[in-house]
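Breakdown of the fold
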Amino acid sequence: MEKNNRPDTPCVAVCSTTFDDVCRGCGRTVAEVADWVFMTQEQKDLVWERILKEGYPRRN
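Cut-offs applied
- Residues numbered from 1 in each chain as written.
- Predicted model: local features only at pLDDT ≥ 70, side-chain atom pairs only at ≥ 80, totals over all residues.
- Heavy atoms only, no water.
- Salt bridge = Lys/Arg side-chain N within 4 Å of Asp/Glu carboxyl O.
- Helix = DSSP H or I, 4+ residues; strand = E, 2+ residues; numbered from the N terminus.
- Buried < 20%, exposed > 50% of the residue type's maximum accessible area, 1.4 Å probe, protein only.

The name given to the protein chain in an unreviewed UniProt entry is DUF1289 domain-containing protein, and the organism recorded there is Undibacterium flavidum.

Quick look at the structure:
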């Protein structure tokens, strides 16, 4: 996913952190989800890079 084509948030409305601190839908940690609106664009870009490498966001 190209940086310019990314949505504002990686959220895919499949929110679950039942087994650990990572959302099964978007791949962000609980802290990243909570802090998202306060992050700089640079911080968001770093999160995007990591979650895309890990195969997120997922819709199932």
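What follows picks up the thread again.
Next up on the list: the pattern of salt bridges. Under the counting rule described, the total for this entry stands at 5 salt bridges. Note that aspartate 8 is salt-bridged to lysine 44, the shortest N-O span being 4.0 Å. Linking aspartate 8 in the segment before α1 (30-35) with lysine 44 in helix α2 (residues 41-53), this pair joins segments that are 36 residues apart in sequence. We classify aspartate 8 as exposed; its relative accessible area is 60%. Look at lysine 44 and you get buried, because its relative accessible area is 11%. Note that glutamate 54 is salt-bridged to arginine 50, the shortest N-O span being 3.7 Å. Exposure remark for glutamate 54: the relative accessible area of 40% places this residue in the partly exposed category. One salt-bridge network, in which partners are shared between bridges, spans Lys3, Arg6 and Asp45.

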